[in-house]
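What follows is the residue order along each chain.
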Amino acid sequence: MALSFALLGTVRATHAGQPLDVGRPQQQAVLSALLLAPGRPVTDRQLIEAVWGEDEEGWPRDPTAALRTHVSRIRRLLADPAAGRDSVLASITGGYRLELAPERIDAHRFESALVEVAARQADDPAEAWRLLGTALDLWTGPALAGVPGAGAERSRARLAERRLSALELRLELGMRLGRHADLLGEAEELAEQYPLRERLHYLRMRVLCGCGRQAEAVAAFQQARQILDEELGLAPGAALTELYQRIRRAERQPAARPRPSQLPSATADFTGRGEELALLLGKLGDVGRCAAPVLVIGGPVGAGKSALGIQAAQLVRGDFPDGQLYADLGASRGGPVAAADVLPAFLRALGADPHGPAELLAARYQEVLADRRVLVLLDDAADAAHAGPLLPRGAGCAALVTCRWDAAGDREGSAAAQRSEVVRLALGPLDLAQGCALVAAIIGAPRADAEPEAVRRLVAACDGLPSAIRSAAARLAARPRWAVAELAGRLTRPDRA
């Protein structure tokens, strides 16, 4: 069956790519209530209240008969014997159940994507950003547009709040990836569209600061304060006020050198990699004894290179008091960011002039770092040569570079390849014990301990790759009724996935 449904906009249904007639608004209200609870019983009373409200005064003379008329039409919509399609709407005692996979409904795909984004945002912000963008692209307008009834109104409000929270998270992830300039238009538009939402004013101010536009960030605070006072009679909250005070303090101390703090957050359930982490920390502890070390972490897709690099960087950030710089160079996504395009943002973060030809900016970057202790984390590079202009040379600095396994060696003859202080760390899969520990950290030890063999099969099916293990465990965490063995079986038998 190729039935699919859209609720994130006007209600739509298709079969094998062909549109189906979803009927009049009240029929859409009944259909929407069923689609929002696939596989679960929905009583007659719940459907009647969803369409006509809880007050029986507003009900038709025979609401059950009216409901059955709508259900009968929905059955005809979902069934087409001539096309070999049976209805998926089952009658049960006192109600109905829609026997349809949630993946056929865009609202449920949106919710599932948010669960995976939450699991990935700590150790793979770039992939979380991509997944979040794909999820938000499902929206074509206000959810359940034009659908009447109290049930649709409640669902519309809930889904709108989930979308707005996802938009806020996309701004946060974008800032972690250093994309402040790309985010500015969206941040300002959202703050204008939802003027009573303090979080959006806060994010707008942060984006402005990341673009070096502190004066505009102060003006944005003043505007937010006026709106909140006039509309709600409230003063700005603690987070908004504290950010404003930090900006003003920075304005009063123009001589102070900026100390960028751009590192992404380390994953809370980082597991294993003890030997590799010790090696990185040992090399970073030698900073100051020779030219700036360059530590290249190579490995296959999903090996957790970014997570390890971020973990190491966070543990030593105190050894680099003049700041930490971060850039996602995007090599694995087919469109690598040129180092020359990152230099202006790095110079701006360091308080230096970001304008001029690439050769001048590269020289200025090294001059600014010459007497500072700065850690540079370059994620998803093609190789160390790709990151070359961004690698510091000053003895007080260091660089961590992550790249694909087959690109962990530099191009022969490149400047980076000639540096004797380049250290390469080959990152392979987690061993079985580490992989099982990662699953337990995500789904909880009691659940993992109840099915130890299934957990081992799950780790083996994921080839020990942390990204795949984390994704599979996130699916289990989002579905507490699933047995670990069920998902392990699906992963080991692709025909059942």
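Residues numbered from 1 in each chain as written. Predicted model: local features only at pLDDT ≥ 70, side-chain atom pairs only at ≥ 80, totals over all residues. Heavy atoms only, no water.

## Some points on a nonpolar patch on the surface
- A cluster of nonpolar residues, Leu196, Leu232 and Leu234, forms a patch on the protein surface that exposes about 270 Å² of accessible area.
- Looking at the element boundaries, Leu234 is found in the loop between helix 9 (214–232) and helix 10 (238–252). (Patch = residues over 30% accessible without salt bridge, like charges linked within 9 Å, V, L, I, M, F, W, Y side chains within 5 Å. Areas by Shrake-Rupley, 256 points an atom, 1.4 Å probe, with all protein chains shown as cover. Salt bridge = Lys/Arg side-chain N within 4 Å of Asp/Glu carboxyl O. Helix = DSSP H or I, 4+ residues; strand = E, 2+ residues; numbered from the N terminus.)

## What to know about the sheet that holds strand 3 (residues 18–20)
- As summarised here, the arrangement of the 3 strands in space is 1-2-3, forming an open sheet in which the pairing is antiparallel. Of all the strands in the sheet, the pair left with one neighbour each is strand 1 (3–6) and strand 3. The average angle at which neighbouring strand axes cross in this sheet is 30°, direction not considered.
- Alignment of strand 2 (residues 12–15) against strand 3, held across 3 bridges, turns out to be antiparallel. If you follow Thr14 over to strand 3, its bridge partner there is Pro19. (Pairing = 2+ DSSP bridges. Axes fitted to C-alpha atoms, helices over the stretch in contact; angles between N-to-C directions.)

## Quick word on the pairing of strand 1
- Relative to strand 2, strand 1 runs antiparallel, the two sharing 4 bridges. Within strand 2, the residue paired with Leu3 across the bridge is His15.
- Taking the residues that link successive antiparallel strands as the turn, the strand 1-strand 2 hairpin has 5 residues, and the phi of Gly9 there is positive, at about 145°.

## Here we look at the packing of aromatic side chains
- In total, this model carries 3 aromatic pairs according to the counting rule given.
- Between Phe110 and Trp139, the aromatic rings sit 5.6 Å apart at their centres with planes inclined by 80°, giving edge-to-face as the arrangement. In this pair, Phe110 is assigned in helix 4 (residues 106–120) and Trp139 in the loop between helix 5 (125–136) and helix 6 (150–176), connecting sequence segments 29 residues apart. One exposure class covers both Phe110 and Trp139, and it is buried.
- Above the face of the Trp139 ring, Arg163 is positioned so that its terminal group lies 5.7 Å from the ring centre.
- The side chain of Arg479 reaches across the aromatic face of Trp482, ending 4.9 Å from its centre. (Phe/Tyr/Trp six-rings, centres within 6.5 Å; stacked < 30°, edge-to-face > 60°. Buried < 20%, exposed > 50% of the residue type's maximum accessible area, 1.4 Å probe, protein only. Lys NZ or Arg CZ within 6 Å of the ring centre and 35° of its normal.)

## A short note on unusual backbone geometry
- Phi at Asp380 takes a positive value of approximately 60°, unusual for a residue other than glycine.
- By secondary structure assignment, the location of Asp380 is in strand 9 (residues 375–381).
- Positioned with a positive phi, Asp463 is a non-glycine residue whose angle comes to about 60°.
- In this fold, Asp463 is placed in the loop between helix 17 (452–461) and helix 18 (466–478).

## Some details on the sheet that holds strand 10 (residues 398–404)
- Across the sheet, 5 strands lie side by side as 8-9-10-7-11; this open sheet has parallel pairing. Because the sheet does not close on itself, it has two edges, and the strands there are strand 8 (324–328) and strand 11 (422–426). Mean inter-strand twist for the sheet, computed between neighbouring axes without regard to direction, equals 15°.
- Here strand 7 (residues 294–299) pairs with strand 10 via 6 bridges, running parallel. Each residue of the ladder has a partner; that of Leu295, found in strand 10, is Leu400.

## Considering the nonpolar core
- One finds Leu78 and Met205 to be the most contacted residues of the largest nonpolar core, which totals 74 residues.
- Tallying contributions element by element places helix 6 first for this core, with 9 residues.
- Grouped together as the second largest cluster of nonpolar side chains are 31 residues, Ala292, Phe346, Ala349 and Val376 included. (Core = buried A, V, L, I, M, F, W, Y, C linked by side-chain atoms within 4.5 Å.)

## A word on the environment of Ser165
- On the secondary structure map, Ser165 appears in helix 6.
- Relative accessible area serves as the criterion here: at 31%, Ser165 is assigned to the partly exposed category.
- Along the chain, Ser165 and Leu200 lie 35 residues apart, while their C-alpha atoms are 9.8 Å from each other.

## Topic: the packing of helix 1 (residues 25–35) against helix 2 (residues 44–52)
- Put simply, helix 1 and helix 2 touch, their axes get as near as 9 Å, and they point 130° apart. As far as their axial angle goes, helix 2 and helix 1 are oblique. Considering only the axes of helix 1 and helix 2, their crossing is right-handed. The residues of helix 2 that touch helix 1, namely those facing Gln26, Ala29, Val30, Ala33 and Leu34, are Leu47, Ala50, Val51 and Trp52.
- Per-class residue counts for the contact of helix 1 with helix 2 are 8 nonpolar, 1 polar and no charged. (Parallel < 35°, antiparallel > 145°, perpendicular 65-115°, else oblique. Left-handed = near helix turned anticlockwise from the far one by under 90°. Contact = heavy atoms within 4.5 Å. Nonpolar A, V, L, I, M, F, W, Y, C, P; charged D, E, K, R; others polar.)

## Observations concerning the pattern of salt bridges
- Evaluation of the coordinates by the stated rule reveals 18 salt bridges.
- In this structure, Arg213 and Glu216 form a salt bridge, with 2.8 Å as the shortest nitrogen-oxygen distance.
- Here Glu216 falls in the partly exposed class, since its relative accessible area comes to 35%.
- Residues Glu453 and Arg456 are paired through a salt bridge, measuring 3.0 Å at the closest nitrogen-oxygen approach. One end of the pair, Glu453, and the other, Arg456, are both in helix 17, 3 residues apart, so they sit about a helical turn from each other.
- Looking at Arg456, the relative accessible area reads 34%, which means it is partly exposed.
- Where salt bridges share partners, they join Arg45, Glu49 and Glu56 into one cluster.

## Things to note about the packing of helix 5 against helix 6
- The geometry of helix 5 relative to helix 6 is characterised by a closest axis approach of 10 Å and an angle of 150° between their N-to-C directions. By the angle between their directions, the pair helix 5 and helix 6 is classed as roughly antiparallel. Judged by the sense of rotation from one axis to the other, the crossing of helix 5 with helix 6 is left-handed. Two secondary-structure elements touch here, helix 5 through Pro125, Ala128, Trp129, Leu132, Gly133 and Leu136 and helix 6 through Arg163, Ala166, Leu167, Leu169, Arg170, Leu173, Gly174 and Arg176.
- Taken together, the residues of the contact of helix 5 with helix 6 sort by class into 9 nonpolar, 2 polar and 3 charged.

## Overview of the side chain of His70
- You can see His70 is positioned in helix 3 (residues 63–78).
- The residues touching His70, leaving out its near neighbours within four places in the chain, are Gln26, Gln27, Val30 and Trp52.

## Here we look at the confidence of the model for the protein
- When the pLDDT values of the protein are averaged, the result is 86; 91% of them are 70 or greater.
- Across residues 406–420, where pLDDT falls below 50, the model places 31 contacts with residues more than four positions away in sequence or in other chains. (pLDDT = per-residue confidence, 0-100.)

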